[in-house]
Amino acid sequence: MLYIGIDLGTSAVKLLLMRTDGAIEKIVSKEYPLSFPKPGWSEQNPSDWWQACVAGIKELTADADKSQVAGISFGGQMHGLVALDAQDQVIRPAILWNDGRTMEETEYLNEVIGRDKLSQYTANIAFAGFTAPKLLWMKKQEPELFARISKIMLPKDYIAYKLTGIHCTDVSDASGMLLMDVKKKCWSKEMLEICGIQEQQLAHIYESYEAVGTLLPDVAQTLGLPDTVIVAAGAGDNAAAAVGTGTVGNGSCNISLGTSGTVFISSDQFAVDSHNALHAFAHADGHYHLMGCMLSAASCNKWWMEDILETKDFAAQQEGITKLGENHVYFLPYLMGERSPHNDPKARGTFIGMTMDTTRADMTQAVLEGVAFALRDSLEVAKLLGIQIERTKICGGGAKSPLWKKMIANILNIKVDTLANEEGPALGGAMLAAVANGEYASVEQAARAIVKVTDTVEPDPELAALYEKRYQTFHEIYPRLKEMFQNMDE
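Residues numbered from 1 in each chain as written. Predicted model: local features only at pLDDT ≥ 70, side-chain atom pairs only at ≥ 80, totals over all residues. Heavy atoms only, no water.

A. Seen up close, the overall build of the protein. Broken down by element type, the protein carries 16 helices and 24 strands. Its C-alpha atoms give the protein a radius of gyration of 21 Å, near enough to 23 Å, the size a compact globule of 490 residues would have. Along the first, second and third principal axes, the C-alpha atoms of the protein reach 65 × 50 × 45 Å. The buried share of the protein, reckoned over its 490 residues, is 61%. Long-range pairs, those at least 24 residues apart, make up 72% of the contacts in the protein with a sequence separation of at least 6. As presented, the protein carries roughly 18,900 Å² of accessible surface, and 48% of it is formed by carbon and sulfur atoms. For the protein, the distance from the average position of its 43 positive side-chain charges to the average position of its 62 negative side-chain charges is 1 Å. (Helix = DSSP H or I, 4+ residues; strand = E, 2+ residues; numbered from the N terminus. Rg over C-alpha atoms; globule rule 2.2 N^0.38 Å. Buried < 20%, exposed > 50% of the residue type's maximum accessible area, 1.4 Å probe, protein only. Contact = heavy atoms within 4.5 Å. Areas by Shrake-Rupley, 256 points an atom, 1.4 Å probe, with all protein chains shown as cover. Lys, Arg positive; Asp, Glu negative; His and termini not counted. Charge placed at Lys NZ, Arg CZ, Asp CG, Glu CD.)

Set out below in structure tokens:
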């Protein structure tokens, strides 16, 4: 049989066609626009997602035996607010995960409601990108539109609704709304009251690998697929990427170098760190995970290459970087503010340490190292919980760079496993669809059968020692600049 995995990203949707054994038949990508109406704002039109998915599925299956397509599932950008009215029409452009407009609402939740209560209700504290602060912002700034909300959805769940007619979400994506009791995997009545919404305005919660329905007849006809195709709930992009990289079961780790960057640690047991520096979410494998998320990762390199250096030849710019661990330039990768572990929407990207002999290569190196240093910040929090990570898998666009992987292995001082297929969320979505269709008994069984490690980058003790000193310097920069960041926009 064939399974479709849909990775609904920030800049494009990637669609993947997978055979039962995990072999990838075809991959298609469709871009769509991203809007920044005001500084720090980030929005998209959900209809653009849907049109891209329809076009993508048609292209993906054009040469396939469509009768063999048995399931569809998703990985999707998290936290976005998709608001539907009573006729299931989109009320306003979706407010995305990397939108920073909710500073006042986030501060209200953390300081007035209180971090301890939020952690008690949801296992997390408020971050500017989460869905609950967006609802409070909409309630205050757009009260007429807020009053029209009949259903509150997440980006990938809107696509699932368009395919099946069912309002659904999954435990991993719902964990990032600040509306769900993560430990109990149900909506938090306290948070619904705080946000002024009713439970019927929220979708039904499924496990990521559960079937939510089949294709609507008219949709099946449009796509040229059987109306028996099962649609599984899917997962938030990072949980789906974890499935696609085999990061399931207790103690597994995955680093994602996409638009955002994450350190994802799978756990059989529910756990929360005392400062809520890491997100405590439900996992797509039926258990839980801890996750540190930085808002700008590979997007930092894209910005530096395309907007500043005005080149698309990323590899050529990395060729001149040879003196690892010796760079005197540092870069704070906070181009959209930062989430883990600082929770500071006002943090900004910063170069520091340039001198007259600083080269273009030095600054390119600093961008790559800055992202790796910031990823280590999250790993350090996990260590405080007694979690010792010796190796990690890696996925995302940045994982295609051998140099970047070498930096990460030595800056974090762990082994970095490269996979046969680095398709992350799209592959994870297809695997979840296969589990929902009964091809595998569990997500872990699917991962063992499908995910293969092809290469491992091991840290070099001497280089790791050099980077240890560099990291300690990096670690001091943000605290010293924090007050300046707070005052820059005043």
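B. Here's a closer look at the packing of aromatic side chains. Under the criterion given, the structure shown has 16 aromatic pairs. By the ring-pair criterion, three or more aromatic residues cluster together here, those being Tyr-330, Phe-373, Tyr-467, Tyr-471 and Phe-474. Across the ring face of Trp-41, the terminal group of Arg-101 is positioned such that the distance to the ring centre comes to 3.6 Å. The lysine or arginine in question, Arg-101, covers the ring of Trp-137, its NZ or CZ lying 4.6 Å from the ring centre. (Phe/Tyr/Trp six-rings, centres within 6.5 Å; stacked < 30°, edge-to-face > 60°. Lys NZ or Arg CZ within 6 Å of the ring centre and 35° of its normal.)

C. Region of interest: the packing of helix 2 (residues 103–122) against helix 3 (residues 131–141). The contact between helix 2 and helix 3 brings their axes to 8 Å, and the two run at 115 degrees. For the element pair helix 2 and helix 3, the recorded crossing hand is right-handed. Here Glu-104, Glu-105, Thr-106, Tyr-108 and Leu-109 of helix 2 lie close against helix 3, whose contacting residues are Pro-133, Leu-136, Trp-137 and Lys-140. (Axes fitted to C-alpha atoms, helices over the stretch in contact; angles between N-to-C directions. Left-handed = near helix turned anticlockwise from the far one by under 90°.)

D. Quick peek at the pattern of salt bridges. According to the stated counting rule, one finds 22 salt bridges in the structure shown. Of the charged contacts, one joins Arg-92 and Glu-43 as a salt bridge, the two residues approaching to 3.2 Å between their closest N and O atoms. Placement of the pair is Arg-92 in the loop between strand 6 (82–84) and strand 7 (94–95) and Glu-43 in strand 4 (residues 43–44), with a sequence separation of 49 residues. Residue Asp-170 pairs with Lys-156 through a salt bridge whose shortest N-O separation is 2.8 Å. Linking Asp-170 in strand 9 (residues 168–170) with Lys-156 in helix 5 (residues 155–164), this pair joins segments that are 14 residues apart in sequence. (Salt bridge = Lys/Arg side-chain N within 4 Å of Asp/Glu carboxyl O.)

E. Region of interest: the environment of Val-243. Within the secondary structure, Val-243 is located in helix 9 (residues 237–244). With relative accessibility at 0%, the residue Val-243 sits in the buried group. Distance from Val-243 to His-283, taken between C-alpha atoms, is 9.2 Å for residues 40 residues apart in sequence. Beyond its immediate sequence surroundings of up to four residues, Val-243 is in contact with Val-248, His-283, Ala-284, Gly-428, Met-431, Leu-432, Val-443 and Val-451.

F. Broad picture of the side chain of Asp-417. By secondary structure assignment, the location of Asp-417 is in strand 23 (residues 415–419). A distance of 2.9 Å separates the side chain of Asp-417 from the side chain of Arg-391, its partner in a polar contact. Not counting residues up to four positions away in its chain, the partners in contact with Asp-417 are Arg-391, Thr-392, Lys-393, Ile-394, Val-453, Asp-455 and Thr-456. (Polar contact = N/O pair within 3.5 Å; in protein donor to acceptor, adjacent residues only side chain to side chain.)

G. Broad picture of the nonpolar core. By size, the foremost hydrophobic cluster in this structure holds 128 residues, and its most contacted members are Leu-179 and Ile-408. Top contributing element to this core by residue count: helix 12 (residues 360–384), with twelve residues. Ignoring sequence-local partners within four residues, the contact set of Leu-179 consists of Thr-122, Ala-132, Leu-135, Trp-187, Ser-188, Met-191, Leu-192, Cys-195, Ile-197 and Leu-202. (Core = buried A, V, L, I, M, F, W, Y, C linked by side-chain atoms within 4.5 Å.)

H. Representation of the packing of helix 1 (residues 46–60) against helix 5 within the structure. As a packed pair, helix 1 and helix 5 sit with axes 10 Å apart at the nearest point and diverge in direction by 60 degrees. In terms of their interaxial angle, helix 1 and helix 5 are classed as oblique. Classified by chirality, the crossing of helix 5 by helix 1 is right-handed. Residues Pro-46, Trp-49, Trp-50 and Cys-53 of helix 1 form the contact with helix 5, whose own contacting residues are Pro-155, Tyr-158, Ile-159, Lys-162 and Leu-163. A class-by-class count of the residues in the contact of helix 1 with helix 5 yields eight nonpolar, no polar and one charged. (Parallel < 35°, antiparallel > 145°, perpendicular 65-115°, else oblique. Nonpolar A, V, L, I, M, F, W, Y, C, P; charged D, E, K, R; others polar.)

I. Examining the sheet that holds strand 16 (residues 253–257) more closely. An order of 18-19-17-16-22-23-24 is seen for the seven strands of this open sheet, with the pairing classed as mixed. For this open sheet the edge positions go to strand 18 (279–282) and strand 24 (453–457), each flanked by a neighbour on one side alone. With direction set aside, neighbouring strand axes in the sheet form an average angle of 30 degrees. Inspection of the sheet shows strand 22 (residues 391–395) paired to strand 23 by three bridges, in the parallel sense. Among the inter-strand pairings, Lys-393 is bridged to a residue of strand 23, identified as Asp-417. (Pairing = 2+ DSSP bridges.)

J. Focus on helix 16 (residues 461–487). End to end, helix 16 covers 41 Å across 27 residues, agreeing with the expected 39 Å (1.5 Å per residue, within 8%). The largest bend in helix 16 comes to about 45 degrees, at Leu-481. The elements touched by buried residues of helix 16 are strand 20 (330–332), strand 21 (350–352), helix 12 and helix 13 (402–411). (Expected span 1.5 Å × (residues − 1). Bend = angle between axes of the 7 residues up to and from the residue.)

K. The pairing of strand 19 (residues 288–294), seen in detail. For strand 19, the tally of buried residues reaches seven of seven residues, placing the bulk of the element in the interior. Every second residue of strand 19 is oriented toward a common face, with Tyr-288, Leu-290, Gly-292 and Met-294 on one face and His-289, Met-291 and Cys-293 on the other, all of them buried. Here strand 17 (residues 261–267) pairs with strand 19 via seven bridges, running antiparallel. Its bridge partner lying in strand 19, Ile-265 is registered against Leu-290. The pairing of strand 18 with strand 19 spans four bridges and is antiparallel. Residue pairing in the sheet places Ala-280 in a bridge with Leu-290 of strand 19. A loop of five residues connects strand 18 with strand 19, the two strands running antiparallel in sequence, and Gly-286 in this loop sits at a positive phi of about 100 degrees.

L. Seen up close, unusual backbone geometry. In the segment running from Ser-340 into Pro-341, the intervening peptide bond is cis, with an omega of -5 degrees. Here Pro-341 is to be found in the loop between strand 20 and strand 21. A positive phi angle is found at Ala-123, which is not glycine, with a value near 75 degrees. As for its placement among the helices and strands, Ala-123 is situated in the loop between helix 2 and helix 3.

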